[in-house]
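# Topology and contacts: notes
Here is what each chain is made of, one letter per residue.
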Amino acid sequence: LNELEENEERFRTLSNAMPQFVWTSDADGALNYFNEAVYEYSGLAKELVDKEGWLRIIHPDDAEENLKLWIHSVETGQPFLFEHRFRRHDGVYRWQLSRAVPQKDENGHIRIWVGTSTDIDDIKKHEEQKNDFIKMANHELKTPVTTIKGYVQLLLKTHGNSGDAILSKSLITVDRQVTKLTNLISDLLDVTRIDSGKLPLNNEVFCLEDLVRDTIKDIKAATQTHEIIYNSNSDANVFADKDRISQVLLNLFTNAFKYSPKADKIIIEINNAGNDVVVSVQDFGIGIDKEDLENIFERFYRVAGKDEKTFPGFGIGLFIVKEIIVRHNGNLWVNSEKGAGSVFYFSLPIHL
Ligand code: ADP
């Protein structure tokens, strides 16, 4: 055997020994090789798969999006990444994660695409079960918590000013903690909704400045530690979900207080910038290290450090904030310096 044939043989043995699906295509995106696992799994004859490609195997509901993304990759040279269902020989569909990367020649022209598909069906099912569990737990927790909240507020109304200092102080504390618990529960639900792509938005046209001002008013009542300086330079309308944007503001405001315990003010601004309206929230607190900056918007990410340990939290607030802003075609970014403070910005398209 000459060297080329030997290499070819080695490649075939390797790819056929893999439980994953391995495939290649030419530069135009036409598939021209599948490993044995593809024929074995699908139960289809080699000639059929070679002639009709993967359309025989992919779930009809995934085919259109699949084709769209594949064409996009072939045209742009960007890696292909997609989750789709493949039909097994017995008719059962299983989820696969497919990736393909282009191999280029010395001139930078794409020679072939090499792709793999990995069975992620079990992982997907576990993920679904986990989300279902959180949804159920959420639902079961909501009823008692709502009841407690209702009674505490009733007691606050009837006994809050009774002159019994211990009683009214306790009621206020219970009320605050129950509010925290309620927010935590709904944050968890939001995460599962985001994961399954089902965060609902009820968009309407409103003036963002009004919402910022109202939210500041609400939060002012809850803080004695920080002065809020507010510079308002925009009366732009946005087309957005008011509750969700209010959630974004509350999250950013709360973080600004929480991560600047030694400071005495936060600065909030709203400005127009081109076709966008931008809100910024500045604190003078512990700040964020450069290397953590790009990760803080990931879910469950929390900065690890001596300073940060003292702050309670889950690491999902900014993840939710980012998802909400992105869903509104807006942007979220941050400038920060360790030890000096942070400025969080978000922008939304102005609704004309
Ligand atoms: P949580 O506050 O519950 O940990 P977030 O998702 O809101 O979760 O924030 C993620 C991480 O980003 C925090 O753990 C914290 O380390 C960092 N962070 C967020 N806001 C600020 C801020 N204003 N100043 C300094 N660090 C911040």
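In short, a report on the structure. (Residues numbered from 1 in each chain as written. Predicted model: local features only at pLDDT ≥ 70, side-chain atom pairs only at ≥ 80, totals over all residues. Heavy atoms only, no water.)

On to the packing of helix α6 (residues 165-195) against helix α11 (residues 317-327), then. Two elements in contact, α6 and α11, have axes separated by 10 Å at closest approach and are oriented at 50°. In this view, α6 runs oblique relative to α11, as classed from their interaxial angle. Both α6 and α11 take part in a crossing whose hand is left-handed. For the pair formed by α6 and α11, the contact residues are Asp187, Asp190, Val191, Ile194 and Asp195 on the first element and Phe319, Ile320 and Glu323 on the second. (Axes fitted to C-alpha atoms, helices over the stretch in contact; angles between N-to-C directions. Helix = DSSP H or I, 4+ residues; strand = E, 2+ residues; numbered from the N terminus. Parallel < 35°, antiparallel > 145°, perpendicular 65-115°, else oblique. Left-handed = near helix turned anticlockwise from the far one by under 90°. Contact = heavy atoms within 4.5 Å.)

Turning to the site of the ligand, a few remarks are in order. The immediate surroundings of the ligand are formed by 19 residues, with Asn255, Tyr259, Asp283, Arg302 and Leu318 found nearest. Here an oxygen atom of the ligand sits 2.9 Å away from a polar atom, N or O, in the side chain of Asn255. One nitrogen or oxygen atom from the side chain of Lys258 is found 3.0 Å from an oxygen atom belonging to the ligand. Alone, the ligand offers 530 Å² of accessible surface; in the complex the protein occludes 97% of this. (Near = heavy atom within 4 Å. Polar contact = N/O pair within 3.5 Å; in protein donor to acceptor, adjacent residues only side chain to side chain. Areas by Shrake-Rupley, 256 points an atom, 1.4 Å probe, with all protein chains shown as cover.)

As defined by bridge partners, strand β7 (residues 227-233) adjoins strand β9 (residues 265-273) across seven bridges and the pair is classed as parallel. Bridging from a neighbouring strand, Glu227 pairs with Lys265 of β9. Judged from the seven bridges that link them, β9 and strand β10 (residues 276-283) form a sheet pairing that is antiparallel. Counterpart to Ala273 in the pairing with β10 is Asp276. (Pairing = 2+ DSSP bridges.)

Taken N-terminus to C-terminus, the directions of helix α7 (residues 208-220) and helix α8 (residues 242-258) make an angle of 45°; their axes are 10 Å apart at the nearest point. Taken together, the axis directions place α7 and α8 in an arrangement best described as oblique. Judged by the sense of rotation from one axis to the other, the crossing of α7 with α8 is right-handed. Contacts from Leu208, Leu211, Val212, Thr215, Ile216 and Ile219 of α7 reach α8 at Lys242, Ile245, Ser246, Leu249, Leu250, Phe253, Thr254 and Phe257. Of the residues that constitute the contact of α7 with α8, the class distribution is ten nonpolar, three polar and one charged. (Nonpolar A, V, L, I, M, F, W, Y, C, P; charged D, E, K, R; others polar.)

Tracing the backbone through its elements, the reader meets Ser98 in strand β4 (residues 93-104). Within the structure, Ser98 has its side chain in polar contact with the side chain of His84 (distance 2.6 Å). A distance of 2.7 Å separates the side chain of Ser98 from the side chain of Ser117, its partner in a polar contact. Sequence-distant contacts of Ser98, that is, excluding residues within four places in its chain, are made with Trp23, Phe80, Leu81, Phe82, His84, Phe86, Thr116 and Ser117.

This part takes up the sheet that holds strand β1 (residues 21-26). Ordered in space as β2-β1-β5-β4-β3, the five strands form an open sheet in which the pairing is antiparallel. Strands at the two margins of the open sheet, each flanked by one partner only, are β2 (31-34) and β3 (80-87). The sheet shows a mean angle of 25° between the axes of neighbouring strands, direction not considered. In this structure, β3 lies alongside β4, joined through eight bridges in antiparallel fashion.

Let's shift gears to the nonpolar core. In terms of nonpolar packing, the biggest core is built from 43 residues, with Leu208, Ile245 and Phe346 touching the most fellow members. In terms of residues, this core owes the most to one element, α8, which gives seven residues. Aside from chain neighbours lying at most four places away, what touches Ile245 is Phe206, Leu208, Leu211, Ala240, Ile324, Ile325, His328, Phe346 and Leu348. (Core = buried A, V, L, I, M, F, W, Y, C linked by side-chain atoms within 4.5 Å. Buried < 20%, exposed > 50% of the residue type's maximum accessible area, 1.4 Å probe, protein only.)

The next subject is a nonpolar patch on the surface. Taken together, the side chains of Leu181, Leu184 and Phe314 define a hydrophobic patch exposed on the protein surface, amounting to about 250 Å² of accessible area. In this fold, Leu184 is placed in helix α6. Residue classification places Leu184 among the partly exposed positions, given a relative accessible area of 38%. (Patch = residues over 30% accessible without salt bridge, like charges linked within 9 Å, V, L, I, M, F, W, Y side chains within 5 Å. Salt bridge = Lys/Arg side-chain N within 4 Å of Asp/Glu carboxyl O.)

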